[in-house]
Amino acid sequence: MRIQISKFGNLLVSRPEGKEAFLAAKAYTLKAGEAEFVLDFSGVDVLTPSWADEFTGGIKKEFKNTIIRYENTSNPSVQETLNII
């Protein structure tokens, strides 16, 4: 399943926003039993570790057996954040 992260905005900066984005994705997009989630970061200008930790941490906690892959991570902000988390 592909998740277009820019649907949550292009400036993804706070922990509360990351949690809210995860809860919205969980309610409307993420489905149990998926083998893989592909997080597509095209269109994201700024990604902070706190936002990403809430979003990806939520996925890892709720969907333990699902693989998470990252795509379109050439933005330096996205690269550094993914290295940190």
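Residues numbered from 1 in each chain as written. Predicted model: local features only at pLDDT ≥ 70, side-chain atom pairs only at ≥ 80, totals over all residues. Heavy atoms only, no water.

Draft legend 1. View of the sheet that holds strand S5 (residues 67-71). Within the open sheet, the three strands sit side by side as S1-S3-S5. Their pairing is parallel. Of all strands in the sheet, those with a lone pairing partner are strand S1 (2-4) and S5, marking the two edges. When the angles between neighbouring strand axes are averaged without regard to direction, this sheet yields 25°. (Pairing = 2+ DSSP bridges. Helix = DSSP H or I, 4+ residues; strand = E, 2+ residues; numbered from the N terminus. Axes fitted to C-alpha atoms, helices over the stretch in contact; angles between N-to-C directions.)

Draft legend 2. Helix H3 (residues 76-84), seen in detail. Among all positions of H3, only Val78, Thr81 and Leu82 are buried. Considered in projection along H3, the buried side chains sweep an arc of 95° and stay on one side of the axis. For H3, exposure combined with an orientation more than 90 degrees from the buried face picks out Pro76, Asn83 and Ile84. Those residues of H3 that are buried lie in contact with strand S4 (46-47), helix H2 (49-62) and S5. Two to three positions downstream of the cap, the backbone nitrogen of serine 77 sits 2.6 Å from a side-chain oxygen, assigning the N-cap of H3 to asparagine 75. (Buried < 20%, exposed > 50% of the residue type's maximum accessible area, 1.4 Å probe, protein only. Arc of directions from axis to C-beta. Contact = heavy atoms within 4.5 Å. Polar contact = N/O pair within 3.5 Å; in protein donor to acceptor, adjacent residues only side chain to side chain.)

Draft legend 3. Layout of the pairing of strand S3 (residues 36-40). Extensive coverage of S3 is indicated by the burial of four of its five residues. Inspection of the sheet shows S1 paired to S3 by three bridges, in the parallel sense. Across the sheet, residue arginine 2 finds its bridge partner in S3, namely valine 38. As defined by bridge partners, S3 adjoins S5 across five bridges and the pair is classed as parallel. Note on S5: the bridge partner recorded for leucine 39 is tyrosine 70.

Draft legend 4. Molecular detail of H2. Under the 1.5 Å per step criterion, the end-to-end length of H2 is 19 Å for 14 residues, consistent within 8% with the ideal 20 Å. Inspection of H2 places Ser50, Trp51, Ala52, Phe55, Thr56, Gly58 and Ile59 among the buried residues, and these make up the whole buried set. (Expected span 1.5 Å × (residues − 1).)

Draft legend 5. Quick look at the packing of helix H1 (residues 15-28) against H2. The geometry of H1 relative to H2 is characterised by a closest axis approach of 7 Å and an angle of 35° between their N-to-C directions. Seen from above, H1 lies across H2 with right-handed handedness. Each of Arg15, Glu17, Gly18, Lys19, Ala21, Phe22, Ala25 and Lys26 in H1 lies in contact with H2, whose residues at this interface are Ser50, Trp51, Asp53, Glu54, Phe55, Gly58, Ile59 and Glu62. Looking at the contact of H1 with H2 residue by residue, the class counts come to six nonpolar, three polar and seven charged. (Left-handed = near helix turned anticlockwise from the far one by under 90°. Nonpolar A, V, L, I, M, F, W, Y, C, P; charged D, E, K, R; others polar.)

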